[in-house]
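Spelled out, the chains give:
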Amino acid sequence: MKKPFVTHAQLKEIVKKYPTPFHLYDEKGIRENARRLKKAFAWNRNFKEYFAVKATPNPVILKILREEGCGVDCSSYTELLMSESAGFRGDEIMFSSNVTPKEDFVLARKLGAIINLDDITHIRFLEDAAGLPSKICCRYNPGKAFEMSNAIMSSPQDAKYGFTRQQLTEGFRVLLDKGVREFGLHAFLASNTIENEYYVKLAEFLFKTAVELKQETGADIRFINLSGGIGIPYRPEQKEVDILSVGEGVRRAYQKILVPEGMGDVAIYTELGRYMLGPYGCLVTTATHEKHIYKDYIGVDACAANLMRPAMYGAYHHITVMGKENEKPGFRYDITGGLCENNDKFAIDRMLPEIDMGDLLVIHDTGAHGFAMGYNYNGKLRSAEILLKEDGSARLIRRAETPEDYFATLDIKY
Ligand SMILES: *Cc1c(COP(=O)(O)O)cnc(C)c1O
């Protein structure tokens, strides 16, 4: 059984001050999880997690992660600005972008971020835009050479990202020629994997590639970035990834492949988003309408504009009707938002306890790629974000949008 990190009593207090819908984050859970990850990779002296900002772009969340020793992984100009304002500097920032605008590279260079190039043509592009740094990372797309895929990102040969294997060798040579001294290797090949093996297989694969690249080009490879992709159990019957065993598997691969090649000082980086925040956020919404036609519908005050994953990927998000945790799930509902889109459903044919108007619903596991994927379709406004602090109190970390925000880019009277 999945249990919310917040109690019904706590929520009833919070909604007195902050109306639903809102995303709520669990500071305690975030910190404990970050410490677990750090422990799993403690064997690697320079290990660092670069949190993927796109998963939960909120400066208060970023600061919490910074206190836990994390850096940030940015993919755009505004994510760089937000990271800078949250206190991240230089090597604490990874910039993993693609189809990158010139100004983004200029800002990344100004902040001293580690740039992760997505393509061999970006060497020239970056050089012209902002000059080449002395340390750089290249993103690898192994195509058919790496097998393991799922629904969100299909097999690497169909993915738009990264250098081919041959381009890596060529790219490293060009970069060496242009004075680059320190290298990193990166690959992001699958998303939301809940098997313990994915990260270990990816690590083995990248370690072997790094050894080859060193032999072929003489490049000094300083770090290997295993990127994101560790998943979370969205469904109650799924099991959590055992992060300690993942760390141990990566350690064994490191001992076996890198250490004998004199590469025992290579740093391991991760760029996790979902794993860091997913379970430590939820969307809180109120049941406002019920409708009984060919099916039974419960309408809530949140919609797909607040959480797109179910509408976009048919993703499962567990739902708890607060205060009715121990009641029999004897009713079959579609839980819907109010968009003029029939896919605006948080759940379809979900068995739940009987829902009364005014009941608070917790939609689980929205801490990553939740609020962040929000949009303004149908003129819907983005919700607030609230932090449930370690002492149990609630802090508003982003106010809800108002119509003024929605109209801010237009010159109209209303
Ligand atoms: C999205 C992304 C991540 C994080 O992915 P998760 O699946 O949330 O762990 C990491 N690195 C890059 C380059 C990404 O685009």
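Note that this is a predicted model, so its numbers are computed, not measured.

### Let's talk about the overall build of the protein chain
Then, in step 1: Scanning the protein chain from terminus to terminus reveals 12 helices and 17 strands.
Then, in step 2: For 414 residues, the compact-globule estimate of 2.2 N^0.38 gives 22 Å, and the protein chain sits close to it at 23 Å.
Then, in step 3: For the C-alpha atoms alone, the extent of the protein chain along its principal axes is close to 70 × 50 × 40 Å.
Then, in step 4: Counting every position in the protein chain, which comprises 414 residues, the buried fraction comes to 54%.
Then, in step 5: Counted over contacts in the protein chain with a minimum sequence separation of 6, partners at least 24 positions apart contribute 69%.
Then, in step 6: Accessible surface for the protein chain amounts to roughly 18,400 Å². Of this, 49% is attributable to carbon and sulfur atoms.
Then, in step 7: Distance between charge centroids for the protein chain: 2 Å, based on 54 positive and 56 negative side chains.

### A closer look at the domain arrangement of the protein chain
Then, in step 1: Splitting the protein chain by domain gives domain 1 (13-21 + 279-407) and domain 2 (27-278).
Then, in step 2: The partner domain 2 presents 27 residues to the 22 residues of domain 1 that form the contact.
Then, in step 3: Around 2,100 Å² of area is buried between domain 1 and domain 2 when both sides are counted, 58% of it from carbon and sulfur atoms.
Then, in step 4: Seen at the junction of domain 1 and domain 2, the total is 1 salt bridge.
Then, in step 5: Put simply, Glu390 and Arg31 hold a salt bridge, and the shortest N to O gap is 3.6 Å.
Then, in step 6: Of all the secondary structure elements, the ones that give two or more residues to the side of domain 1 that touches domain 2 are strand E16 (384-388) and strand E17 (394-398).

### Let's talk about the site of the ligand
Then, in step 1: Around the ligand lies a shell of 14 residues, among which Lys54, Gly229, Glu271, Arg274 and His369 are the nearest.
Then, in step 2: Interatomic distance of 2.6 Å between a side-chain N/O atom of Lys54 and an oxygen atom of the ligand.
Then, in step 3: Asp73 is positioned such that a nitrogen or oxygen atom in its side chain is 3.4 Å from a nitrogen atom of the ligand.
Then, in step 4: Out of a free accessible area of 390 Å², the ligand has 92% covered by protein chains.
Then, in step 5: Considering only residue class, the shell around the ligand consists of 3 nonpolar, 6 polar and 5 charged.

### What to know about the pattern of salt bridges
Then, in step 1: Overall, the coordinates contain 27 salt bridges when judged by the stated rule.
Then, in step 2: In this structure, the salt-bridge partner of Arg31 is Glu27, at a minimum N-O distance of 2.9 Å. Remark: Glu27 and Arg31 occur in helix H2 (residues 27-40); sequence separation between them is 4 residues, near one turn of the helix. Each of the two residues, Arg31 as well as Glu27, counts as buried.

### Notes on a negative patch on the surface
Then, in step 1: On the surface, a cluster of negative charge is made up of Glu290, Asp296, Glu325, Glu327 and Glu354.
Then, in step 2: Of note, Glu325 is situated in the loop between strand E12 (319-321) and strand E13 (331-336).
Then, in step 3: For Glu325, a relative accessible area of 32% translates into the label partly exposed.

### What about helix H4 (residues 77-85)?
Then, in step 1: Within H4 the residues assigned to the buried category are Glu79, Leu80 and Ser83. One face of H4 carries all of its buried residues, which in axial projection span an arc of 100°. Within H4, the exposed residues directed more than 90 degrees away from the buried face are Thr78 and Ser85.
Then, in step 2: On the buried face of H4, the contacting elements are helix H3 (59-67), strand E3 (71-74), strand E4 (93-96) and helix H5 (102-111).
Then, in step 3: A positive phi of about 100° marks Gly87, the residue just after H4.

### A look at the nonpolar core
Nonpolar side chains in soluble globular proteins tend to end up buried together.
Then, in step 1: Counting 84 residues, the largest nonpolar core has Phe207 and Met276 as its most contacted members.
Then, in step 2: Examining the composition of this core, we find that 11 residues originate from one element, helix H8 (residues 197-217), more than from any other.
Then, in step 3: Looking at which domains feed residues into this core, each of domain 1 (13-21 + 279-407) and domain 2 (27-278) supplies at least three.
Then, in step 4: Of all hydrophobic cores here, the second largest spans 16 residues; its members include Ile298, Ala302, Val321 and Leu361.

### Remarks on unusual backbone geometry
Then, in step 1: In this model, Thr20 is joined to Pro21 through a cis peptide bond whose omega is 0°.
Then, in step 2: With respect to the secondary-structure elements, Pro21 resides in the loop between helix H1 (8-17) and strand E1 (22-26).
Then, in step 3: One non-glycine residue, His369, lies in positive phi territory at about 55°.
Then, in step 4: Tracing the sequence through the fold places His369 in the loop between strand E15 (360-363) and E16.
Then, in step 5: By relative accessible area, His369 is classed as buried at 14%.

What counts and how
- Residues numbered from 1 in each chain as written.
- Predicted model: local features only at pLDDT ≥ 70, side-chain atom pairs only at ≥ 80, totals over all residues.
- Heavy atoms only, no water.
- Helix = DSSP H or I, 4+ residues; strand = E, 2+ residues; numbered from the N terminus.
- Rg over C-alpha atoms; globule rule 2.2 N^0.38 Å.
- Buried < 20%, exposed > 50% of the residue type's maximum accessible area, 1.4 Å probe, protein only.
- Contact = heavy atoms within 4.5 Å.
- Areas by Shrake-Rupley, 256 points an atom, 1.4 Å probe, with all protein chains shown as cover.
- Lys, Arg positive; Asp, Glu negative; His and termini not counted.
- Charge placed at Lys NZ, Arg CZ, Asp CG, Glu CD.
- Domains from an automatic or database assignment.
- Buried area = accessible area lost by both parts, 1.4 Å probe.
- Salt bridge = Lys/Arg side-chain N within 4 Å of Asp/Glu carboxyl O.
- Near = heavy atom within 4 Å.
- Polar contact = N/O pair within 3.5 Å; in protein donor to acceptor, adjacent residues only side chain to side chain.
- Nonpolar A, V, L, I, M, F, W, Y, C, P; charged D, E, K, R; others polar.
- Patch = residues over 30% accessible without salt bridge, like charges linked within 9 Å, V, L, I, M, F, W, Y side chains within 5 Å.
- Arc of directions from axis to C-beta.
- Core = buried A, V, L, I, M, F, W, Y, C linked by side-chain atoms within 4.5 Å.

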